[in-house]
Amino acid sequence: MTDPVFFVPSGPITLDDIVALTGARIANGIDGSRQVLGVAPLDQARSSDLTFIDNPRYTPLLAATQAAACFCSPKHAAAVPAGVAALETAKPYEAYVAVQTKLYPTSLRPAIVYGEGISPAAHVHPKARLESGVTIEPAAVIGADVEIGSNTVIGPGAVIGAGVRIGRDCSIAAGTTVTNALIGNRVILHPGVRVGQDGFGYQMSAKGHAKVPQIGRVVIQDDVEVGANTTIDRGANRDTVIGEGTKIDNQVQIGHNVVVGRHCIIISQVALAGSATLGDFVVLGGKVGVLGHVTVGSGAQVAATASVKDDLAAGGRYGGAPARNVREWYREEVAMRRLAQREIKSGHNKDSEGE
């Protein structure tokens, strides 16, 4: 549930305001002047909360909700309890998120821990250049020739290496390190993100493994979000690039020279080996592995735990190890299951004959 200590709503907001914001319709005649103070799930909502239903499995919870209002599709409107405003819309969750965003704008980026401005406990190199409105929190280290745009927040203990450029309205959270990187506007790096460290490159031989110089950069374009403890290695001889609008989950590994297109979704524990390329709007499920020098075409979707060893065409859906067309993968899985069941049944019959 929401906690007013951590997330203070900007409300109240009236039902009429919600209708104007989302285009929903009050389907059961509740007065539009009713106020909403917060949001909550169906089973936790109080008389001042907004909730939603978007999945039929939660219909039993709808019958007992105590919410002030509930976003619902037309098919669920009649099931909304008397006294709860039925906010009818074709996309209940999308409408709910719009209101939640308006009520809790501070939840969208890592919080300022100590306060705005440059902390006297931070270490800012005299050659660093900061625009107005930058916040540097205690124990952060800002190197020589760093440039940071207005309204960007550098969290406690973050380290920004020499020459790094960070755009405006960014959030670089606590304990993050950024080196050898150019970062656009409105970028969010969550706690513990590592950007710009060496790529894993060695010239192997019978005499030992010689380290290959990694002389590229990391380029993170506008509106990218990177989850906690994700690592993005700098390029070996060209840039590692994360395209605009891409959203990366926690604990993802992105190797040197990787190019990620625009508006991709990369779920936790994905690993992209060196020089892999993703087109635009690619979706990778959790624990997907992509081999080096492989290209995943724009709009492709890869199911969780798949292993991508060959190029994947744009717009396809893939799964399995090695990754292949998802329908082919499903058929193979079903065939293997049936074969195993026949083998088990055959084994039982043989055991019975031997008794």
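Higher on the page you've got the structure.
Definitions and limits used
All residue numbers refer to positions counted from 1 along the written sequence of the respective chain. Whole-chain, interface and lining totals are the exception, using all residues; otherwise, since this is a predicted model, local features are given only for residues with pLDDT of at least 70 and side-chain atom pairs are given and counted only at 80 or more. Only hydrogens and water are set aside; all other atoms, that is, all heavy atoms of the structure, feed into the side-chain values. Every helix listed is a DSSP run of H or I at least four residues long, and every strand listed is a run of E at least two residues long, numbered separately from the N terminus. Our radius of gyration is a C-alpha quantity, and the globule rule it is checked against amounts to 2.2 Å times the number of residues to the power 0.38. The contact criterion used is simple: two residues touch if any of their non-hydrogen atoms lie within 4.5 Å. Areas reported here follow the Shrake-Rupley algorithm with a probe of radius 1.4 Å; residue values treat only the protein chains shown as occluding. For the charge count, each Lys or Arg is scored as positive and each Asp or Glu as negative, with His and the chain ends excluded. For the purpose of locating charges, the reference atoms are NZ of Lys, CZ of Arg, CG of Asp and CD of Glu. Whenever a carboxyl oxygen of Asp or Glu lies within 4 Å of a side-chain nitrogen of Lys or Arg, that contact is scored as a salt bridge. Throughout this description, buried means an accessible area under 20% of the type-specific maximum (1.4 Å probe, protein chains only), exposed means over 50%, and partly exposed covers the range between. In this description, strands pair whenever DSSP reports at least two bridges between them. Helix axes are fitted to C-alpha atoms over the stretch in contact, other axes to C-alpha atoms as well, and angles between N-to-C directions run from 0 to 180 degrees. Only centres within 6.5 Å qualify two rings of Phe, Tyr or Trp (six-membered ring in Trp) as a pair; their planes then separate them into stacked at under 30 degrees, edge-to-face at over 60, and tilted for everything else. For this analysis, a polar contact is any N or O atom pair within 3.5 Å, provided that within protein one partner can donate a hydrogen and the other can accept it, and provided that sequence-adjacent residues contribute only side-chain to side-chain pairs. The span you would expect from a helix comes to 1.5 Å times its residue count less one. In this description, one arc is meant: the one made by directions from the helix axis to the C-beta atoms.

Q: Explain the overall build of the chain here, please?
A: Assigned secondary structure in the chain consists of 4 helices and 39 strands. Over its C-alpha atoms the chain spans a radius of gyration of 26 Å, topping by over 25% the 20 Å that the globule rule assigns to 355 residues. In terms of principal-axis extent, the alpha carbons of the chain reach across some 80 × 75 × 40 Å. In the chain, 21% of the contacts between residues at least 6 apart in sequence involve partners at least 24 apart. Accessible area of the chain: about 18300 Å², with a carbon and sulfur share of 54%. Both charge centroids of the chain, one from 32 positive and one from 33 negative side chains, sit 5 Å from each other.

Q: Just checking my understanding: could you explain the pattern of salt bridges for this structure?
A: Pairing between side chains of opposite charge can happen when their charged atoms approach one another. Counted under the stated rule, the structure contains 14 salt bridges. R129 is the partner of D145 in a salt bridge, and the nearest nitrogen-oxygen pair spans 3.9 Å. Note that D145 is positioned in the loop between β11 (141-142) and β12 (147-148) and R129 in strand β9 (residues 129-130), a separation of 16 residues in sequence. Taking relative accessible area as the criterion, D145 reaches 34% and is therefore assigned partly exposed. E332 is the salt-bridge partner of R324, the closest N and O atoms lying 2.5 Å from each other.

Q: Any chance you could explain the sheet that holds strand β7 (residues 85-88) here in plain terms?
A: One open sheet accounts for 5 strands, arranged β2-β7-β6-β5-β4; its pairing is mixed. The open sheet has two free edges, formed respectively by β2 (25-26) and β4 (38-39), since each of these has just one partner strand. Contacts from helix α1 (residues 15-22) reach β2, β6 (69-72) and β7, with the element oriented near 20 degrees to β6. Sitting on the sheet, helix α3 (residues 92-103) touches β4, β5 (49-52) and β6, and the angle it makes with β5 is about 150 degrees.

Q: It is not clear to me how the packing of aromatic side chains should be interpreted in this structure. Could you clarify?
A: We describe a pair of aromatic rings using the distance from one ring centre to the other and the angle between the two ring planes. Using the criterion set out here, one finds 5 aromatic pairs in the structure. Their ring planes at 45 degrees and their centres at 5.1 Å tell us that F52 and Y93 sit as a pair that is tilted. Highlighted residues: F52 in strand β5 and Y93 in helix α3, separated in sequence by 41 residues. According to the relative accessible area criterion, Y93 is partly exposed, its value standing at 43%. An aromatic cluster is defined as three or more aromatic residues linked by ring pairs; in this entry it consists of F52, Y93 and Y96.

Q: Is there a simple way to think about the sheet that holds strand β27 (residues 247-248) in this case?
A: Picture the strands of a sheet paired through backbone hydrogen bonds; they go either parallel or antiparallel. Strand order in the open sheet formed by 11 strands is β10-β13-β16-β19-β24-β27-β30-β33-β36-β38-β39, with mixed pairing between adjacent strands. Each having just a single partner strand, β10 (135-136) and β39 (324-325) make up the two edges of the open sheet. In terms of strand pairing, strand β33 (residues 283-284) meets strand β36 (residues 301-302) through 2 bridges, oriented parallel. For V283, the partnering residue across the bridge sits in β36 and is Q301.

Q: Would you take a moment to explain the environment of Q66 for this structure?
A: When you line up the elements, Q66 lands in the loop between α2 (59-64) and β6. Those residues in contact with Q66, other than ones at most four positions away along the chain, are A45, R46 and S47. Here A64 takes part through its backbone oxygen, which lies 3.2 Å from a polar atom of the side chain of Q66.

Q: Help me understand the environment of P81, please; the structure alone is not making it clear to me.
A: Position of P81 among the secondary structure elements: in the loop between β6 and β7. Accessibility expressed as a relative area gives 16% for P81, which makes it buried. In sequence terms P81 and A63 are 18 residues apart; their C-alpha atoms lie 5.9 Å from each other. The residues contacting P81, other than those within four sequence positions of it, are L62, A63 and T65.

Q: Is there a simple way to think about α3 in this case?
A: The terminal C-alpha atoms of α3 lie 17 Å apart, and with 12 residues this matches the ideal 16 Å at 1.5 Å per residue to within 8%. Considered for burial, the residues of α3 that qualify are P92, A95, Y96, V99 and L103. What you see down the axis of α3 is that its buried residues fit within an arc of 100 degrees, all on one side. The elements touched by buried residues of α3 are β1 (13-14), α1, β4, β5 and β6.

Nothing here speaks to function; it is all geometry.
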